[in-house]
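The chain contents come next:
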Amino acid sequence: MLVRSVDDRKIENLKQLLAECTDCVVLTHSRPDGDAMGSSLALSLFLKACGKKATVVVPNDYPPFLAWMPSIADVLVYDKNVAAAEEVLKNADLFFCLDFNSLSRIDEVGKVVAELPTKRVLIDHHLAPDNVFDISISHPEACSTAELVFKVLWQMGEADRIDASIAECIYTGIMTDTGNFAYASGRKEVYHIVAELISKGIDKDLIYRRVFYNYSFSRMRLLGFMMYEKLRYFPEYNAALITLTYDEFMRFHAAKGDTEGIVNMPLQIKGVRFSCFLREEMPGKVNVSLRSVDDFPCNKVAEKFFSGGGHKNASGGEVRGTMDEAVQLFEKALADYSRELTE
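Rules of the game
- Residues numbered from 1 in each chain as written.
- Predicted model: local features only at pLDDT ≥ 70, side-chain atom pairs only at ≥ 80, totals over all residues.
- Heavy atoms only, no water.
- 1 Å grid on protein atoms, 1.4 Å probe; cavity = no way out; pocket = protein on both sides within 12 Å on 5 of 7 lines; lining within 4 Å.
- Points joined across faces, edges and corners; volume = space filled by probe spheres on them.
- Helix = DSSP H or I, 4+ residues; strand = E, 2+ residues; numbered from the N terminus.
- Nonpolar A, V, L, I, M, F, W, Y, C, P; charged D, E, K, R; others polar.
- Pairing = 2+ DSSP bridges.
- Contact = heavy atoms within 4.5 Å.
- Axes fitted to C-alpha atoms, helices over the stretch in contact; angles between N-to-C directions.
- Buried < 20%, exposed > 50% of the residue type's maximum accessible area, 1.4 Å probe, protein only.
- Phe/Tyr/Trp six-rings, centres within 6.5 Å; stacked < 30°, edge-to-face > 60°.
- Lys NZ or Arg CZ within 6 Å of the ring centre and 35° of its normal.

A.B. asks: Would you mind showing me how to read empty space enclosed by the protein here?
C.D. replies: Think of a ball as big as a water molecule: rolled over the atoms, this probe shows where empty space is left. Applying the stated rule across the entire model yields 1 cavity of 30 Å³ or more. In this structure, the largest cavity is lined by Leu41, Ser44, Lys48, Ala54, Thr55, Val56, Ser71, Asp74 and Val75. Looking at the lining of the largest cavity, the elements that each hand over two or more residues are helix H2 (34-49) and strand S2 (53-58). Its residues assigned to classes, the lining of the largest cavity comprises 4 nonpolar, 3 polar and 2 charged.

Right, dumping it as structure tokens:
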């Protein structure tokens, strides 16, 4: 059974904004994942069904394994077409900000949005959103932003507008942000939503194959290299680390998205509670992905050591420095959190 967990006053305010707007832009975070794209595409399809103009704008490109998603060909990638994207942003009369809690998470797009008077609606499940949104629907307990999009549409009385295409997008967001329901998905309401999505005619098994059985040959070779050569195990801390330099990434002719989900793999090792993946995006910048199980708060590690944040079991950040410096920070984090990792 679904619960009306979104504040009814916010739902009414949102209805009023929708009644007044004609040209919406849906925004999501840099390096968009399955939840970012799933929630954004679902909402844009709903808005179009309501007779609105709706454009999804992303700071940079989505991974290739999501290219099958409904209407994804209409997504406007900012760093590929800055002029067109800025024109769309300036003409919009309502922004929907999905799956991020700060305008800094949408890179250069955020600077444009910050200068415009356009009203902003936040729908997100990350902690501590900035106070820059006219309506803030922030629920960190939700498994995904896609779950919240479903809840918002349902509470607005618009569940009948959710067709198979919208349902596919919402399901993709929920499935990917829970690791195919392996974590952050213990609430029974999540499965009530999944049941509703299945009733719309989606094929959940096909969606799974499209996402997880759709990788490139280069990814498989890269994966083998990382598991054999780059995986380090720290049994004294119940932790593991994978590193990947820029030169190694290029050596395997890897593409955007080929490292998606790799941070989760060390958690399959018996006893490992904390996994870290350090990827050198370019010389001088290392992206940090953190995952944990049980009660270990990898978001606190991200905040303290990697200028980042996120959820308790899934967080990220970055290091402005060398790979060696990033590894040293990880090892310092292990020492600082040794009690929590081993208790």
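A.B. asks: It is not clear to me how the sheet that holds strand S5 (residues 120-124) should be interpreted in this structure. Could you clarify?
C.D. replies: Adjacent strands of a sheet pair through backbone hydrogen bonds, lying either parallel or antiparallel. The 6 strands are arranged S3-S2-S1-S4-S5-S6 in an open sheet whose pairing can be described as parallel. Edge positions in the sheet fall to strand S3 (76-77) and strand S6 (135-138), since each has one partner strand and no second. Pairing of S2 with S3 involves 2 bridges; the strand directions are parallel. Residue Val57 lies in a different strand from S3, and its bridge partner there is Leu76. Sheet strands touched by helix H1 (residues 8-20): strand S4 (94-98), S5 and S6. Its angle to S6, the strand with the most contacts, is close to 130°.

A.B. asks: Looking at this model, I keep getting lost on the side chain of Lys151. Mind explaining?
C.D. replies: Following the sequence through the fold, Lys151 ends up in helix H5 (residues 145-155). Given the relative accessible area of 1%, Lys151 is considered buried. Sequence-distant contacts of Lys151, that is, excluding residues within four places in its chain, are made with Val3, Ser5, Val6, Glu189 and Ile193.

A.B. asks: For this particular structure, what's the right way to read unusual backbone geometry?
C.D. replies: Despite not being glycine, Ser71 has its phi angle at roughly 65°, a positive value. Within the fold, Ser71 resides in the loop between S2 and S3. Its identity as a non-glycine residue notwithstanding, Asp99 has a phi of 70°, on the positive side. Take Asp99: it is sitting in the loop between S4 and helix H4 (107-115). Looking at Asp99, the relative accessible area reads 2%, which means it is buried.

A.B. asks: Looking at this structure, I do not really get the packing of aromatic side chains. What am I missing?
C.D. replies: Each pair of aromatic rings is reported with the distance of its centres and the angle of its planes. The full count for this structure, using the stated rule, is 11 aromatic pairs. Seen in terms of ring centroids, Phe65 and Tyr215 are 5.4 Å apart; in terms of plane orientation they differ by 75°. Their pairing is edge-to-face. Taken together, the residues span a long stretch of sequence, with Phe65 in the loop between S2 and S3 and Tyr215 in the loop between helix H8 (204-212) and helix H9 (217-230) at a distance of 150 residues. The partly exposed category is assigned to Tyr215, whose relative accessible area is 23%. Ring plane angle 40° and centroid distance 5.8 Å describe the contact between Phe181 and Tyr191, whose orientation is recorded as tilted. Separated by 10 residues along the polypeptide, Phe181 in the loop between helix H6 (164-177) and helix H7 (188-199) and Tyr191 in helix H7 bring together distant segments of the chain. The exposure class assigned to Tyr191 is partly exposed, which follows from its relative accessible area of 38%. Feature note: the residues Phe234, Phe274, Phe296, Phe330 and Tyr337 constitute an aromatic cluster, connected by ring pairs. Sitting over the face of the ring of Tyr215, Arg219 holds its NZ or CZ atom 3.7 Å from the ring centroid. Over the aromatic face of Phe249 sits the side chain of Arg279, whose NZ or CZ is 5.8 Å from the ring centroid.

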